Amino acid sequence: MKLNKIIIKKSKKGVSIMIGYVLLISAAIVMGAVVYQWMKSYVPKEALECPEGVSVFISDVRCEDIGGNLVFNIDLKNNGRFNIGGYFIRGETNINIATDLSGYSKEGEGRGGSVLFMTEMKPSESSTYLFNFSGSAITQVYSIEIIPIRFQIEDNRRRLVSCSNAKIKEIVAGCSVI
Amino acid sequence: MNKKGVSPVIATVLLIGIVIVLAATIFMWFRGMTQEAIIKFEKNVELVCDDVKFAASYSPEGVLAVSNDGNVPIFQMKAKISGDGDYETKNLIDYGWPDNGLNQGGIFSESVDFVGANQVILSPVLIGKTEKGGDRTFACDENRYGYEIII
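Counting restarts for each chain, with residues numbered from 1 along the sequence as it is written. Lettering of chains starts at A and numbering of ligands starts at 1, both following the order in which they are written. Predicted model: local features are reported for residues with pLDDT of at least 70 only, side-chain atom pairs are reported and counted for 80 or more only, and whole-chain, interface and lining totals are derived from all residues. Hydrogen atoms and water are omitted, and side-chain values are computed over all heavy atoms in the structure.

### A few points about the overall build of chain A
- Of the regular secondary structure elements, chain A holds two helices and nine strands.
- Only runs of H or I of at least four residues qualify as helices and only runs of E of at least two qualify as strands under DSSP, and these elements are numbered from the N terminus. For chain A, the α and β elements follow one another from N to C terminus as α-α-β-β-β-β-β-β-β-β-β.
- Each radius of gyration is computed over the set of C-alpha atoms, and the globule rule expresses the reference value as 2.2 Å times the number of residues to the power 0.38. Relative to the globule expectation of 16 Å for 178 residues, the C-alpha radius of gyration of chain A, 33 Å, shows a markedly less compact shape.
- Expressed as lengths along the three principal axes of its C-alpha atoms, the size of chain A is roughly 120 × 35 × 25 Å.
- For chain A, with 178 residues in total, the buried portion stands at 34%.
- Charge counting follows a simple rule: Lys and Arg are positive, Asp and Glu are negative, and His as well as the terminal groups are ignored. By convention, the point assigned to a charge is CZ for Arg, NZ for Lys, CD for Glu and CG for Asp. Of the side-chain charges in chain A, 21 are positive and 17 negative, and the distance between the mean point of each set is 30 Å. Exposure classes here rest on a 1.4 Å probe applied to the protein chains alone. A residue is buried below 20% of its type maximum, exposed above 50%, and partly exposed in between.

Here is the structure:
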């Protein structure tokens, strides 16, 4: 009987408390690292976005018929709180419901679908941009749509950012050549 | 003598070993069941779908216009065309969608025949990198990111 009691007592020993803690903490750390590695791509990061106060305003659009070719001038004003580096411009024309008009301006020629300013347009500044459709099939513009562009430093890189929240659309009446 | 069995240290080592092997097996099995993560702009492409911004219109003459207003290039565009009781899915790459995708500010404007359709849902397809470094496309969920055009 005495011998049996001693054997039972011995087998209850198990792992020491200290080793138990070490094992538990290591297991938790390893599990945490594995789950983090697996799920880290789901951690949300800030998207490339324009600040809230970006805004442009088309103060005037003047259409002209120069020798049977359509030419129009847009007076654009920066009425926001931030500098603007350029804009995307599209129009509804007689050739298509959505035409990229940037290639018809001096500032947008060969710029890959955007009009880029030589120097950024500061708040309250305004400027006139000429679009010349000579040599193209565009004889009428029904509406124009402008999305301002900003250049922002993200991760030490200068990035072009489209400000879709500041998109504006203007219906252009009587902008055609016969 | 025969009642001695395994020493507590060996038992612990065995126990831990079995647990680790089991955990690794279950992890590898579960990993095979889940989709490999596609990374774009240093985050999972599923999150990038939130940042995609585009507008679309369809003219009575049958011209579909899509403009990329956001800052995420749209690699491809899927169109779910619903008619009377059925639907089919087409990729706009068959209708002249740019091979390299529609970049920031880009416009796609082509004749697309949606004969017999009364509703079209456009959903973007993005391209990203897998953990192994290869390119892989990901179609954003049409229920969350689809753009509906009523014809």
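### A few points about the overall build of chain B
- Per the secondary structure count, chain B includes three helices and 10 strands.
- Walking chain B from its N terminus toward its C terminus, one meets helices and strands in the order α-β-β-α-β-β-β-β-β-β-β-α-β.
- Dimensions along the principal axes, computed over C-alpha positions, put chain B at roughly 95 × 35 × 20 Å.
- For chain B, the residues scored as buried account for 40% of the 151 residues in total.
- Here the contacts in chain B between residues at least 6 apart in sequence split such that 62% fall between residues at least 24 apart. Two residues form a contact once any of their heavy atoms are found within 4.5 Å.

### What to know about the interface of chain B and chain A
- With 30 residues of chain B at the interface, the matching set in chain A holds 27 residues.
- Once two parts are put together, the accessible area they lose, assessed with a 1.4 Å probe and summed over both, is termed the buried area. Taken together, both faces of the contact between chain B and chain A bury some 2300 Å²; the carbon and sulfur share is 55%.
- Ranking the residues of chain B by area buried against chain A places B:Asp69, B:Asn71 and B:Ile107 at the top, with a combined share of 23%.
- Salt bridge criterion: a side-chain nitrogen from Lys or Arg within 4 Å of a carboxyl oxygen from Asp or Glu. Between the two partners, chain B and chain A, sit three salt bridges.
- B:Lys53 is the partner of A:Glu49 in a salt bridge, and the nearest nitrogen-oxygen pair spans 4.0 Å.
- Counted as a polar contact is a pair of N or O atoms within 3.5 Å, where, for protein atoms, one must be capable of donating a hydrogen and the other of accepting one, and residues adjacent in sequence contribute only when both atoms are in side chains. Put simply, chain B and chain A have 14 residue pairs in polar contact (both at pLDDT 80 or more) between them.
- Mapped by element, the contributors of at least two residues to the side of chain B that touches chain A are α1 (8-33), β2 (43-44), α2 (45-48), β3 (54-58), β4 (63-68) and β7 (107-111) of chain B.
- For this classification, Asp, Glu, Lys and Arg are treated as charged, while Ala, Val, Leu, Ile, Met, Phe, Trp, Tyr, Cys and Pro are nonpolar and the rest, including Gly, are polar. The residue inventory of the side of chain B that touches chain A, partitioned by class, reads 11 nonpolar, 13 polar and six charged.

### Structural notes on the state of the cysteines
- Count a disulfide wherever a pair of cysteine sulfur atoms falls within 2.5 Å. Per the counting criterion, the structure on display carries three disulfides over all chains.
- In this model, A:Cys63 is linked to A:Cys175 through a disulfide, with the two sulfur atoms separated by 1.8 Å. Across the S-S bond linking A:Cys63 and A:Cys175, the dihedral sits near -95 degrees, which makes this disulfide left-handed. Of this pair, A:Cys63 sits in strand β1 (residues 56-66) while A:Cys175 sits in the segment after β9 (168-171), and the two are 112 residues apart along the sequence.
- A relative accessible area of 1% means that A:Cys175 is categorised as buried.
- Paired by a disulfide, B:Cys49 and B:Cys140 hold their sulfur atoms 2.0 Å apart. Because the sign of the S-S torsion sets the handedness, a value of about -85 degrees for the bond joining B:Cys49 and B:Cys140 places this disulfide among the left-handed ones. Here B:Cys49 is found in the loop between α2 and β3, whereas its partner B:Cys140 is found in the loop between β9 (135-139) and α3 (142-145), with 91 residues between them in sequence.

### Considerations on the sheet that holds β7(B)
Residue and element names in this part refer to chain B.
- Strands sit in the order β3-β4-β7 across an open sheet of three strands; the sheet is antiparallel. Pairing within the sheet leaves two strands with one partner each, and these edge strands are β3 and β7. Between one strand axis and the next, the sheet turns by 10 degrees as a mean value, whatever way the strands run.
- Following DSSP output, two strands are said to pair if at least two bridges run between them. Across five bridges, the pairing between β4 and β7 is antiparallel. Looking at the pairing, Leu 64 lines up with Glu 110 of β7. Inter-axis angles, ranging from 0 to 180 degrees, are taken between N-to-C directions of lines fitted to C-alpha atoms, where helices are fitted over the stretch in contact.

### Notes on the nonpolar core
- Residues B:Leu64, B:Val66, B:Met77, B:Leu92, B:Trp97, B:Leu122 and B:Leu126 are the most contacted members of the largest nonpolar core, which totals 28 residues.
- Secondary structure elements with two or more residues in this core: α2, β3, β4, β5 (76-82) and β8 (119-130) of chain B.
- Within the second largest apolar cluster, 24 residues are counted, among which are A:Ile138, A:Val172, A:Cys175 and A:Val177. For our purposes a nonpolar core is just a set of buried Ala, Val, Leu, Ile, Met, Phe, Trp, Tyr and Cys residues, chained together by side-chain atoms within 4.5 Å.

### Brief notes about the pairing of strand β7 (residues 141-154) of chain A
Residues and elements named next belong to chain A.
- Burial within β7 is extensive, with 10 of its 14 residues counted as buried.
- In this structure, β7 lies alongside β9, joined through four bridges in antiparallel fashion. Each residue of the ladder has a partner; that of Ile 144, found in β9, is Glu 170.
- Where β7 lies against strand β8 (residues 157-162), six bridges are found, and the strand directions are antiparallel. Bridging from a neighbouring strand, Glu 154 pairs with Arg 157 of β8.
- The hairpin turn running from β7 into β8, its antiparallel successor, is two residues long, and Asp 155 in that turn takes a positive phi close to 50 degrees.

### Re the environment of A:Gly112
- Of note, A:Gly112 is situated in the loop between β4 (99-100) and β5 (115-121).
- For the pair A:Gly112 and A:Phe88, spaced 24 residues apart in the sequence, the C-alpha separation amounts to 9.9 Å.

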